[in-house]
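Structural description and commentary
Chain by chain, the residues run as shown.
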Amino acid sequence: DSGVTQTPKHLITATGQRVTLRCSPRSGDLSVYWYQQSLDQGLQFLIQYYNGEERAKGNILERFSAQQFPDLHSELNLSSLELGDSALYFCASSGTPERDQPQHFGDGTRLSIL
Amino acid sequence: DQQVKQNSPSLSVQEGRISILNCDYTNSMFDYFLWYKKYPAEGPTFLISISSIKDKNEDGRFTVFLNKSAKHLSLHIVPSQPGDSAVYFCAASEGNAGNMLTFGGGTRLMVKP
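Quick look at the structure, then. What you are looking at is a predicted structure, and each value in this text was computed from that prediction instead of being measured.

Moving on to the environment of Gly83(B). Note that Gly83(B) resides in the loop between strand E8 (72-77) and strand E9 (86-94). Between the C-alpha atom of Gly83(B) and that of Met110(B), which follows or precedes it by 27 residues, the distance is 9.1 Å.

Shown next, in the form of structure tokens:
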């Protein structure tokens, strides 16, 4: 158990819909990262938050957005969903970004678009 | 453009023998390298890491070697156990481990009893 909690575990929805994925980081971790794992792209970095502020952005689509709340949990919002958005979405957390602390991953949310 | 590559999609090893998983990278700005293990239906689990200022790091049965001039790293597992059967991902970051990770495509290791 990594200590990172992601809900829901599975999500099935239709094209054009909007969903919210939730992540609770390990106790004491201030950084939250979101990654997408699709069959053809592998694990791809989406976005990072540190202590409530956006810190880094990867290849995240404009239809996707995220935020980190004062209690440090994070949400990833995916809108106008397309078939290609079907993937595993992982959240990871770590302590202070400046230190060499590895990222610890949750078990992911499997999103299926029908 | 794949900056981190794991050229072997799968590897089969006998229990008790050494498993060697390889990873190549192209970005010379990478400073920190990590190996993660992933079981089905679970998230990646951190195994071991190495900073670019070192060429070797050891933790129990796991050793990671870094060859900066060749832009190559490897993970050695000795002795291999059936419970080590999983997908192994190599990852790299610029600056430190707190920055975004770039992952390789993974190598599926099967350890046969």
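Counting across every chain of the model gives 13 aromatic pairs over all chains. Judged by centre distance (5.9 Å) and plane angle (50 degrees), the rings of Tyr36(B) and Phe103(B) are tilted. Of this pair, Tyr36(B) sits in strand E4 (residues 30-38) while Phe103(B) sits in strand E10 (residues 102-103); the two residues are 67 residues apart in sequence, bridging distant segments of the chain. Using a relative accessible area of 7% as the deciding quantity, one classes Phe103(B) as buried. Taken together, Tyr35(A), Phe45(A), Phe90(A), Phe105(A), Tyr36(B), Phe46(B), Phe89(B) and Phe103(B) form an aromatic cluster joined through their ring pairs.

A few words now on the side chain of Thr107(B). All names here are of chain B. Relative to the elements of secondary structure, Thr107 occurs in strand E11 (residues 107-112). Polar side-chain contacts of Thr107 include one of 2.6 Å to the backbone oxygen of Ser8. Thr107 has contacts with Gln6, Ser8, Pro9, Ser10, Leu11, Leu21, Ala86, Val87 and Tyr88, leaving out every residue within four places of it along the chain.

All names here are of chain A. Overall, antiparallel pairing links the 4 strands, which are arranged E1-E3-E8-E7 in an open sheet. Looking along the sheet, the strands with just one partner apiece sit at the ends: strand E1 (5-7) and strand E7 (64-68). Recorded for the sheet is a direction-independent mean angle of 15 degrees between the axes of neighbouring strands. As judged from the 5 bridges shared by strand E3 (residues 19-24) and strand E8 (residues 74-78), these two strands associate in the antiparallel manner. If you follow Arg22 over to E8, its bridge partner there is Glu75.

Membership of the largest hydrophobic core comes to 23 residues, with the highest contact counts inside it found for Phe33(B), Trp35(B), Leu73(B), Leu75(B) and Tyr88(B). Looking at this core, the elements with two or more residues in it are strand E3 (19-25), E4, strand E5 (45-51), strand E7 (62-67), E8, E9 and E11 of chain B. Of the residues forming this core, the biggest block, 4 residues, is contributed by E9(B). Apart from residues no more than four positions distant in its own chain, Phe33(B) is found in contact with Tyr25(B), Ile48(B), Ser49(B), Ile50(B), Ser52(B), Leu66(B), Leu73(B), Ala91(B) and Ala92(B). The next biggest cluster of nonpolar side chains, apart from the first, holds 21 residues, and it includes Leu11(A), Leu46(A), Leu81(A) and Ala87(A).

Thresholds, definitions, all that
Residues numbered from 1 in each chain as written. Chains lettered and ligands numbered in written order. Predicted model: local features only at pLDDT ≥ 70, side-chain atom pairs only at ≥ 80, totals over all residues. Heavy atoms only, no water. Helix = DSSP H or I, 4+ residues; strand = E, 2+ residues; numbered from the N terminus. Phe/Tyr/Trp six-rings, centres within 6.5 Å; stacked < 30°, edge-to-face > 60°. Buried < 20%, exposed > 50% of the residue type's maximum accessible area, 1.4 Å probe, protein only. Polar contact = N/O pair within 3.5 Å; in protein donor to acceptor, adjacent residues only side chain to side chain. Contact = heavy atoms within 4.5 Å. Pairing = 2+ DSSP bridges. Axes fitted to C-alpha atoms, helices over the stretch in contact; angles between N-to-C directions. Core = buried A, V, L, I, M, F, W, Y, C linked by side-chain atoms within 4.5 Å.

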